[in-house]
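Structure assessment
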Amino acid sequence: MFTGIVEELGEVVRIADTGGDSALVAIRGPLVTSDARHGDSIAVNGVCLTVVDVDGGVFTADVLGESLRRSALGGLRPGDPVNLERAAALNSRLGGHLVQGHVDGVGEVLSREPAAQWETLRFRLPTALARYVVEKGSITVDGVSLTVAAVGDDWFTVGLIPTTLKLTTLGGRGVGAPVNLEVDVLAKYVERLLDARLPGGPVGTDDAAPALPDDAAPALPGDTAGGAR
C-alpha cells in the first residue's frame, strides 16, 4: 500500500525488452533505493513494481505485459522523469489516501489553467471509472494523491499547489500527455457490497451476513439483555 505522497522525482535509466510480453526497467532514485532490497515495492508513476536489484542508486524491476497495457508505463523512454514512492510503513502518517498501486485506467491531460498560486488541470476520465470519482473525493494521478475539484461524465479537474508542480511529473505534463489513474478503492468495495444486495446481484451473497434474531443482540449499558428500552 502507498499514500500517494511522492518521495522523489526519479529518472528512467533504461528499458530492456525481456520477451514474452514483458520488460525490465531500470530507474534512478537515490532516496527510494537508500533502504531498498530485493522484493520491496516501489510505486513508479502510481504503478506498484517489485524491486529485482539495487545498484548505486538505481533499481530494476520487471514490468509485465498487463501493466504495460493498462498503464502509461509502456510509453516511458530513458531520461523520462517518474514519480517514486516506497511502500507505506504501518507507523507512518497517512498524508494522502490509501493507494494500492493498481492502475485502473489511463487518462489524458486536457487543459492547464495557471493561477496566481496554483494551477488547475483538467483530465480526460474513462467513462467506466467516472462512477467512482466524486467532487472533493480522492484520486491518484501518476501516483500523486489529489483532491477532485470538479467532475463530469468523462473529465475531472484538480488544483495543484506549487510544491506538487515542482516535485512531481505533473508540473511538466503537457496537453495530450497520458497519465495513470487509480480511483479510491473504497468506492469499488462499496459498489460491490451494494450490488450484492440489489435484485440481480451476485448469487449466494444474500446469506453472507444473516440477520440475528432480536434476542441475540448484545446488551447495551442500561438495557435488559435482548430487550427494548
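As shown above, the structure is provided for reference.
Residues numbered from 1 in each chain as written. Predicted model: local features only at pLDDT ≥ 70, side-chain atom pairs only at ≥ 80, totals over all residues. Heavy atoms only, no water.

**Section: the overall build of the chain**
For the chain, the helix and strand inventory stands at three helices and 12 strands. Counting the 229 residues in the chain, one finds 38% classified as buried. Partitioning the intrachain contacts of the chain with sequence separation of at least 6 by distance along the chain shows that 69% fall at a separation of at least 24. On the chain, roughly 12900 Å² of surface is accessible, and the fraction owed to carbon and sulfur atoms is 55%. (Helix = DSSP H or I, 4+ residues; strand = E, 2+ residues; numbered from the N terminus. Buried < 20%, exposed > 50% of the residue type's maximum accessible area, 1.4 Å probe, protein only. Contact = heavy atoms within 4.5 Å. Areas by Shrake-Rupley, 256 points an atom, 1.4 Å probe, with all protein chains shown as cover.)

**Remarks on the pairing of strand β1 (residues 8-17)**
Where β1 meets strand β6 (residues 81-86), four bridges bridge the pair, whose relative direction is antiparallel. Within β6, the position partnered with Leu 9 by the bridge is Asn 83. Here β1 pairs with strand β2 (residues 22-28) via six bridges, running antiparallel. The residue bridging Arg 14 from the neighbouring strand is Ala 26, located in β2. Hairpin connection of β1 to β2: four residues between the antiparallel strands, including Gly 19 at a positive phi of 75°. (Pairing = 2+ DSSP bridges.)

**Overview of the sheet that holds strand β8 (residues 119-124)**
The strand order around the closed barrel formed by six strands is β7-β8-β11-β10-β9-β12, and the pairing between neighbours is antiparallel. If you compare each strand with its neighbour and ignore which way they point, the axes differ by 45° on average. As paired strands, strand β9 (residues 138-141) and strand β10 (residues 144-151) are joined by four bridges and run antiparallel to one another. Each bridged residue has a counterpart across the sheet, and for Ser 138 the counterpart in β10 is Thr 147. (Axes fitted to C-alpha atoms, helices over the stretch in contact; angles between N-to-C directions.)

**What to know about unusual backbone geometry**
Although it is not a glycine, Asn 45 sits at a positive phi angle of roughly 50°. Note that Asn 45 resides in the loop between β3 (41-44) and β4 (47-55). With a relative accessible area of 3%, Asn 45 lands in the buried category.

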